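Listed below, chain by chain, are the residues.
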Amino acid sequence: EPEVTQTPSHQVTQMGQEVILRCVPISNHLYFYWYRQILGQKVEFLVSFYNNEISEKSEIFDDQFSVERPDGSNFTLKIRSTKLEDSAMYFCASCLDSNQPQHFGDGTRLSIL
Amino acid sequence: AQSVTQLDSQVPVFEEAPVELRCNYSSSVSVYLFWYVQYPNQGLQLLLKYLSGSTLVKGINGFEAEFNKSQTSFHLRKPSVHISDTAEYFCAVQKNTGNQFYFGTGTSLTVIP
């Protein structure tokens with residue numbers, strides 16, 4: 001069964017540095033998402049992306065964050081200047097249609113030092 | 001605004017016993033409902049979904065859930081749990097007019113041998 005893949009599985013970065021988290025959604029999916037899960041807390045929506053533009057974003061998704069689909073397969077989340085509180089598990093998800101279940105990757109654990 | 005409440009943060013249960021994980025939601029619009037399972041160091045895997053139709057939905061691994069509109073609940077049940085069911089379970093809702101998911105805080109199910 002096709003799946004969403006995320007790389008790397010664990011990223012350690014110095015505070016203030018830029019980080020890019022990478023995702024390869026399921027190939028025929030059209031809607032793409034990023035979520036994060038701070039340790040011990042619930043999964044929180046960050047952003048959704050469709051037709052090469054952001055369709056929804058949460059309050060968390062401020063100017064430090066950006067997303068991009070640079071080619072036909074990758075979907076990236078960039079954090080421009082990381083803060084300690086950005087440490088979390090980041091999940092990418094995709095779906096074929098907006099009212100269909102989202103398929104999640106295994107996540108990237110981001111640790112900011 | 002949408003919110004999801006999972007009343008039990010931890011549920012211990014003996015092997016082969018039945019289990020119910022509770023989920024209540026609030027929303028001013030119609031929603032779709034989902035349960036996801038997260039095994040240690042893995043992503044979110046869809047257990048089951050309710051989009052429309054029959055209020056009793058069956059998912060993978062012997063789980064089922066019942067949508068109760070009057071009580072705004074979507075409780076997850078399994079008649080006989082197995083050790084391998086030990087995991088974190090998340091209830092999620094999606095507005096039928098949007099595409100982001102709202103997650104509950106999760107319920108940690110521990111199956112005791």
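Above this text sits the structure in question.
Calculation rules
Residues numbered from 1 in each chain as written. Chains lettered and ligands numbered in written order. Predicted model: local features only at pLDDT ≥ 70, side-chain atom pairs only at ≥ 80, totals over all residues. Heavy atoms only, no water. Helix = DSSP H or I, 4+ residues; strand = E, 2+ residues; numbered from the N terminus. Rg over C-alpha atoms; globule rule 2.2 N^0.38 Å. Buried < 20%, exposed > 50% of the residue type's maximum accessible area, 1.4 Å probe, protein only. Contact = heavy atoms within 4.5 Å. Areas by Shrake-Rupley, 256 points an atom, 1.4 Å probe, with all protein chains shown as cover. Lys, Arg positive; Asp, Glu negative; His and termini not counted. Charge placed at Lys NZ, Arg CZ, Asp CG, Glu CD. Buried area = accessible area lost by both parts, 1.4 Å probe. Polar contact = N/O pair within 3.5 Å; in protein donor to acceptor, adjacent residues only side chain to side chain. Nonpolar A, V, L, I, M, F, W, Y, C, P; charged D, E, K, R; others polar. Salt bridge = Lys/Arg side-chain N within 4 Å of Asp/Glu carboxyl O. Disulfide = S-S within 2.5 Å. Patch = residues over 30% accessible without salt bridge, like charges linked within 9 Å, V, L, I, M, F, W, Y side chains within 5 Å.

*Asks:* Explain the overall build of chain A here, please?
*Replies:* Summing up its helical and strand segments, chain A has 0 helices and 11 strands in all. Reading chain A from its N terminus to its C terminus gives the helix and strand order β-β-β-β-β-β-β-β-β-β-β. Relative to a compact globule of 113 residues, whose C-alpha radius of gyration would be 13 Å, chain A shows 13 Å and is just as compact. When the backbone C-alpha atoms are referred to their principal axes, chain A occupies close to 35 × 25 × 25 Å. Here chain A holds 113 residues, and the buried ones make up 46% of them. A fraction of 54% describes how many contacts in chain A between residues 6 or more apart in sequence connect residues 24 or more apart.

*Asks:* What should I look at first to understand the overall build of chain B in this one?
*Replies:* For chain B, the count of helices and strands is 0 helices and 12 strands. Relative to the globule expectation of 13 Å for 113 residues, the C-alpha radius of gyration of chain B, 13 Å, shows essentially globular dimensions. With the C-alpha coordinates aligned to their principal axes, the bounding extent of chain B is approximately 45 × 30 × 20 Å. Intrachain contacts of chain B at a sequence separation of at least 6 include 55% that bridge at least 24 residues. As presented, chain B carries roughly 5,300 Å² of accessible surface, and 50% of it is formed by carbon and sulfur atoms. Across chain B, the 7 positively charged side chains and the 8 negatively charged ones have centroids separated by 12 Å.

*Asks:* Would you mind showing me how to read the interface of chain A and chain B here?
*Replies:* For interface size, the figure often reported is the accessible area lost on association. Counting from both sides, the interface comprises 19 residues of chain A and, opposite them, 19 residues of chain B. Summing both sides of the interface, chain A and chain B together bury roughly 1,700 Å²; the carbon and sulfur share of this comes to 54%. Summed over the shared surface of chain A and chain B, the number is 4 residue pairs in polar contact (both at pLDDT 80 or more). The set of elements that each furnish at least two residues to the side of chain A that touches chain B consists of strand S4 (31-37), strand S5 (43-50) and strand S6 (53-57) of chain A. Take the side of chain A that touches chain B: its biggest share by element is 4 residues, from S4 of chain A. For the side of chain A that touches chain B, the per-class residue count stands at 8 nonpolar, 8 polar and 3 charged.

*Asks:* Sorry if this is basic, but what is going on with the pattern of salt bridges here?
*Replies:* As enumerated under the stated definition, the model contains 6 salt bridges over all chains in all. Notably, a salt bridge pairs Glu44 of chain A with Arg36 of chain A, separated by 3.3 Å at the nearest N-O pair. Owing to a relative accessible area of 21%, Glu44 of chain A belongs among the partly exposed residues under this scheme. Judged by relative accessible area, which is 10%, Arg36 of chain A ranks as buried. Residue Asp8 of chain B pairs with Arg22 of chain B through a salt bridge whose shortest N-O separation is 2.9 Å.

*Asks:* Looking at this structure, I do not really get the state of the cysteines. What am I missing?
*Replies:* Joining two cysteines, a disulfide is a covalent bond between their sulfur atoms. On inspection of all chains with the given rule, the structure shows 2 disulfides over all chains. There is a disulfide in this structure between Cys23 of chain A and Cys92 of chain A, and the S-S distance comes to 1.9 Å. Between Cys23 of chain A and Cys92 of chain A, the disulfide has an S-S torsion of -65° and is therefore left-handed. Here Cys23 of chain A, found in strand S3 (residues 19-24), pairs with Cys92 of chain A, found in strand S9 (residues 88-95); they are 69 residues apart in sequence, far enough to count as distant. For the residue pair Cys23 of chain A and Cys92 of chain A, the accessibility class agrees, reading buried in each case. Covalently, Cys23 of chain B is tied to Cys91 of chain B through a disulfide, its sulfur atoms 2.0 Å apart. Since a negative S-S torsion denotes a left-handed disulfide, the Cys23 of chain B-Cys91 of chain B link at about -65° is left-handed. With Cys23 of chain B in the loop between strand S3 (19-21) and strand S4 (24-26) and Cys91 of chain B in strand S10 (residues 87-95), this pair connects stretches of sequence that are 68 residues apart. Cys23 of chain B sits in the buried class, given a relative accessible area of 0%.

*Asks:* Just checking my understanding: could you explain a nonpolar patch on the surface for this structure?
*Replies:* All names here are of chain A. A cluster of nonpolar side chains, contributed by Leu30, Tyr50 and Leu96, occupies part of the molecular surface with about 260 Å² of accessible area. As for its placement among the helices and strands, Leu96 is situated in the loop between S9 and strand S10 (103-104). Looking at Leu96, the relative accessible area reads 43%, which means it is partly exposed.

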